[in-house]
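Structure at a glance
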Amino acid sequence: MITISPSLLAADFSKLGQEVVDMYDAGAQWMHIDVMDGHFVPNISLGPVVVKSIRPSCDIFFDVHLMISDPVKYAPAFASSGADLITFHLEAVEDPAETIKAIRALGKKVGISIKPKTPAEAVFPYLPMVDLVLIMTVEPGFGGQRFMADMMPKLLAVKKECLRLELNVDIEVDGGIDTETAKQAVANGANVLVAGSSLYSKENYKAAVSELILSAEGALSSVNY
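These remarks concern the structure in this document. This one's a predicted model, so the numbers in the text were calculated from it and none came from an experiment.

Counting residues in each nonpolar core, the largest one holds 74 residues, and the members touching the most others are L8, I33, V158 and L193. Broken down by element, this core gets its largest block of residues, 6 residues, from helix α8 (residues 205–218). In contact with L8, other than residues within four places in its own chain, are F13, L16, V20, M31, H32, I33, L46, I54 and Y200.

Below, the structure written as structure tokens:
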């Protein structure tokens, strides 16, 4: 099953709560919330206060992506603000296993993410410990970037390792996802698609979400694993 996680970074910030509701009503199962600190990545975005303010808007699953330097320090604030899944970057911590344990102790699902230059093998030791692996298909920090097709072998490697270990781990891709690139991502193992401008730029969210799901599901018949 394909899960669509619209990126709130591409939404209209003057009405974030309504933007969440509208995507939920359009058929999106998750909401991807990018958190950037201006240190780990060269941009600053949403904090726990914003997450808390939009949490009552609807029951959509909050997919919180921490692109920050000290995820353990800030994870409790996001957990208490309403995050359902908290994803941190392997490159941001000295001990990924301890970071996973710390987030798990908050009662939340845990994801681990890697930047484009980090090899797939770097996450292999942690696959049995997490609920999700996020493969960045752009350099993290800004929305609207071009999809990096050369990340597909990395994506496929993670998928094959999960299959080898018989793990039920979600594999998410973030960056440049639209109806065409979604096919490549799904064919190489992704089942969670983060899409920003390709959804929020459309006038009809329901049609945009449906089109993305249809395109992605069509690629399930041509998977590479």
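Moving on: the sheet that holds strand β2 (residues 30–36). Ordered by their spatial adjacency, 8 strands build an open sheet running β1-β8-β7-β6-β5-β4-β3-β2, and the pairing between neighbours is parallel. Where the open sheet ends on each side, the last strands, each with one partner, are β1 (3–6) and β2. Within the sheet, the average angular offset between the axes of one strand and its neighbour, ignoring direction, is 25°. Note: strand β6 (residues 132–136) against strand β7 (residues 170–174), 5 bridges, orientation parallel. By the bridge assignment for β7, I135 is matched with V173.

Among the residues of helix α1 (residues 16–25), L16, E19, V20, V21 and M23 are the ones counted as buried. Trailing α1 by a residue or two, G27 shows a phi angle of about 110°, which is positive.

Next up on the list: a nonpolar patch on the surface. Taken together, the side chains of L163, L220 and Y225 present a nonpolar region at the surface, about 260 Å² in accessible area. Within the secondary structure, L163 is located in helix α5 (residues 152–164).

It is worth spelling out the pairing of β6 at this point. Burial runs high along β6: 5 of the 5 residues are buried. Here β6 shows two buried faces, one formed by L132, L134 and M136 and the other by V133 and I135. Looking at chain direction, strand β5 (residues 109–114) and β6 are connected through 4 bridges and run parallel. The residue bridging I114 from the neighbouring strand is I135, located in β6.

Another aspect to go through is α8. An α-helix turns once every 3.6 residues. As a result, residues three or four positions apart point the same way. End to end, α8 covers 20 Å across 14 residues, agreeing with the expected 20 Å (1.5 Å per residue, within 8%). The set of residues buried in α8 consists of Y205, A208, V209, L212, I213, S215 and A216. Along the long axis of α8, the arc covered by the buried residues comes to 165°, so they all point the same way. Pointing more than 90 degrees away from the buried face of α8 are the exposed residues K206 and L214. On the buried face of α8, the contacting elements are β1, α1, α6 (181–187), β8 (192–195) and α7 (197–200).

Counting buried positions over the 7 residues of strand β3 (residues 61–67) gives 7, a clear majority of the element. Residues F61, D63, H65 and M67 of β3 are buried on one face, and the alternating residues F62, V64 and L66, pointing to the opposite face, are buried as well. Sheet analysis places β2 next to β3, joined by 7 bridges and oriented parallel. Residue pairing in the sheet places H32 in a bridge with D63 of β3. Tracing the backbone out of β2, into helix α2 (residues 48–54) and back to the parallel element β3 gives a crossover that is right-handed. When β3 meets strand β4 (residues 85–89), the two strands line up parallel, connected through 4 bridges. Bridge pairing links D63 to L85 in β4. Between β3 and its parallel partner β4, the chain crosses via helix α3 (residues 71–81), and the hand of that crossover is right-handed.

Attention shifts here to unusual backbone geometry. Positive phi values are uncommon outside glycine, yet E166 reaches one of about 55°. Mapping E166 onto the fold places it in the loop between α5 and β7.

If you walk through the whole model with that rule in mind, you get 2 aromatic pairs. Centroid distance Y200 to Y205: 5.4 Å. Interplanar angle 85°. Geometry classified as edge-to-face. On the basis of relative accessibility, which here comes to 14%, the residue Y205 falls in the buried class. Lying over the aromatic face of F62, R55 brings its terminal NZ or CZ to 3.7 Å of the ring centre.

It is worth spelling out the side chain of H65 at this point. With respect to the secondary-structure elements, H65 resides in strand β3. Side chain to side chain, H65 and H89 meet in a polar contact 2.9 Å long.

Rules used throughout
Residues numbered from 1 in each chain as written. Predicted model: local features only at pLDDT ≥ 70, side-chain atom pairs only at ≥ 80, totals over all residues. Heavy atoms only, no water. Core = buried A, V, L, I, M, F, W, Y, C linked by side-chain atoms within 4.5 Å. Buried < 20%, exposed > 50% of the residue type's maximum accessible area, 1.4 Å probe, protein only. Helix = DSSP H or I, 4+ residues; strand = E, 2+ residues; numbered from the N terminus. Contact = heavy atoms within 4.5 Å. Pairing = 2+ DSSP bridges. Axes fitted to C-alpha atoms, helices over the stretch in contact; angles between N-to-C directions. Patch = residues over 30% accessible without salt bridge, like charges linked within 9 Å, V, L, I, M, F, W, Y side chains within 5 Å. Areas by Shrake-Rupley, 256 points an atom, 1.4 Å probe, with all protein chains shown as cover. Salt bridge = Lys/Arg side-chain N within 4 Å of Asp/Glu carboxyl O. Expected span 1.5 Å × (residues − 1). Arc of directions from axis to C-beta. Right-handed = clockwise from strand over helix to strand, strands pointing away. Phe/Tyr/Trp six-rings, centres within 6.5 Å; stacked < 30°, edge-to-face > 60°. Lys NZ or Arg CZ within 6 Å of the ring centre and 35° of its normal. Polar contact = N/O pair within 3.5 Å; in protein donor to acceptor, adjacent residues only side chain to side chain.

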